[in-house]
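# Analysis of the macromolecular model
In case you want the letters, here they are:
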Amino acid sequence: MEILAHIPLELNPTSVHSKLKSHDRGAVEGLITRALSLAQARAVFVPAYVEAREEDAVVIEGRRFKSRVLRKNLDDVGRVFPAVVTLGGRFDEAVEGTRDMLEKYYLDAIGNLALAEARAHLIAHLCQRFAIDKLSWMSPGSLADWPLEEQPPLFELLSGVEAAIDVRLTDSLLMLPRKSVSGILFPAESTFFSCRLCPRDRCDNRKARYDEAAAREYGILT
Ligand code: SF4
């Protein structure tokens, strides 16, 4: 397993401001500065190989992952990169300790943007290091087809993650620190977005329109 121990973070105040739809630019800029000083962005990853494909599952390094979508995404893929990215515990503590509800909401939302930035850094690092054009990402829990119950085998592939970057799974299979994301990276010609297959009505984080035809193609809608 490899560790990226110091991921640099930079957030563009204009784009953060427009995403948060805030009327107080000065306050948001102050919160960005605070968030970036609190975040300790780190990541772990490991190159791993697809060993078997079943109708609705895939076996990676001896661990079976049951998901039609992951299975289809890995149709022509041999090597993948299980990974975890985190902003660290200090960020969580700051959000939890913030009394003002609006400030808490903004800080949390800025944390999501910072985590996305850290994940983008990991993707860029892997593309350069392994000479890959494009990598896509899937997380357990992002779709009903690949639920949170699939977190433990993913963490088994990243044995030592807690010692390396202080991320652990709770009994309810959520990650601590909360501002962490886990998943499997895989080469793909066009970027895969779980949102395309997710019918949820209202979601502030949607990155692509729901596509019913694609959901049928992936075999998760009959
Ligand atoms: S639409 Fe929202 S809930 Fe659905 S996959 Fe995208 S980010 Fe997740």
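In this report, we go over the structure that sits alongside the text.

Here is what the cut-offs are and how they apply
- Residues numbered from 1 in each chain as written.
- Predicted model: local features only at pLDDT ≥ 70, side-chain atom pairs only at ≥ 80, totals over all residues.
- Helix = DSSP H or I, 4+ residues; strand = E, 2+ residues; numbered from the N terminus.
- Buried ≥ 20, exposed ≤ 12 C-beta atoms within 10 Å, placed from the backbone.
- Contact = placed C-beta atoms within 7 Å.
- Near = placed C-beta within 6 Å.
- Nonpolar A, V, L, I, M, F, W, Y, C, P; charged D, E, K, R; others polar.
- Axes fitted to C-alpha atoms, helices over the stretch in contact; angles between N-to-C directions.
- Parallel < 35°, antiparallel > 145°, perpendicular 65-115°, else oblique.
- Left-handed = near helix turned anticlockwise from the far one by under 90°.
- Expected span 1.5 Å × (residues − 1).
- Core = buried A, V, L, I, M, F, W, Y, C linked by C-beta atoms within 7 Å.
- Pairing = 2+ DSSP bridges.

## Comments concerning the overall build of the protein chain
- When its secondary structure is counted, the protein chain shows 8 helices and 10 strands.
- Seen along its three principal axes, the alpha-carbon backbone of the protein chain occupies a region of about 50 × 40 × 35 Å.
- Counting the 222 residues in the protein chain, one finds 32% classified as buried.
- Taking all contacts inside the protein chain whose residues are at least 6 apart in sequence as the whole, residues at least 24 apart take part in 71%.

## A short note on the site of the ligand
- Taken together, S142, S194, C195, C198, R200, C203, N205 and R206 are the residues near the ligand.
- Counted by class, the shell around the ligand contains 3 nonpolar, 3 polar and 2 charged residues.

## Thoughts on the environment of P147
- For P147, the location among the structural elements is in the loop between β7 (135-138) and α6 (151-157).
- Residues P147 and F186, spaced 39 residues apart in sequence, show a C-alpha to C-alpha distance of 18 Å.

## A look at the packing of helix α4 (residues 89-96) against helix α5 (residues 101-129)
- Across the interface, α4 lies against α5 with an axial gap of 9 Å and an inter-helix angle of 160°. Taken together, α4 and α5 sit at an angle that is classed as roughly antiparallel. Regarding α4 and α5, the two cross each other, and that crossing is left-handed. Across the interface between the two elements, F91, A94 and V95 from α4 touch K104, L107, D108 and G111 from α5.
- A breakdown of the residues in the contact of α4 with α5 according to their chemical character gives 4 nonpolar, 1 polar and 2 charged.

## With respect to the packing of helix α1 (residues 13-20) against α5
- Relative orientation of the contacting elements α1 and α5 amounts to 125°, with a least axis distance of 11 Å. When the axis of α1 is compared with that of α5, the two are oblique. Once α1 is placed against α5, the crossing between them reads as right-handed. Contacts between α1 and α5 involve V16, K19 and L20 on the former and, on the latter, Y106, A109, I110 and L113.
- Its residues placed into classes, the contact of α1 with α5 shows 6 nonpolar, no polar and 1 charged.

## Quick look at α5
- With 29 residues, α5 extends 42 Å from end C-alpha to end C-alpha; this agrees with the ideal 42 Å at 1.5 Å per step.
- Within α5, burial applies to Y106, I110, G111, A114, L115, E117, A118, R119, L122, I123 and L126.
- A131 sits one or two positions beyond α5 and adopts a positive phi of about 50°.

## Notes on the nonpolar core
- Judged by nonpolar contacts, the single largest core of 53 residues is most densely connected at A43, A83, V84, A118 and L185.
- When residues in this core are grouped by element, the largest group, 8 residues, is from α5.
- Apart from residues no more than four positions distant in its own chain, V84 is found in contact with A43, V44, L158, V161, I165, V167, S180 and S182.

## A short note on the pairing of strand β3 (residues 48-53)
- Bridge analysis of β3 against strand β6 (residues 79-86) gives 2 bridges, and the strand direction is antiparallel. If you follow A48 over to β6, its bridge partner there is V80.
- Of the pairings in the sheet, the one linking β3 to strand β4 (residues 57-60) comprises 3 bridges and is antiparallel in character. Looking at the pairing, A52 lines up with V59 of β4.
- Following β3, the chain reverses through 3 residues before pairing antiparallel with β4.

## So, the pairing of β6
- The element β6 is extensively covered by neighbouring structure, given that 7 of its 8 residues are classed as buried.
- Relative to strand β10 (residues 180-187), β6 runs antiparallel, the two sharing 6 bridges. Looking at the pairing, P82 lines up with I184 of β10.

## Considerations on unusual backbone geometry
- With omega at -5°, the peptide bond leading from L176 into P177 counts as cis.
- Among the structural elements, P177 can be located in the loop between β9 (175-176) and β10.
- Notably, E61 is not glycine yet its phi reads approximately 45°, a positive angle.
- Within the secondary structure, E61 is located in the loop between β4 and β5 (63-66).
- Non-glycine residue L173 carries a positive phi angle of around 70°.

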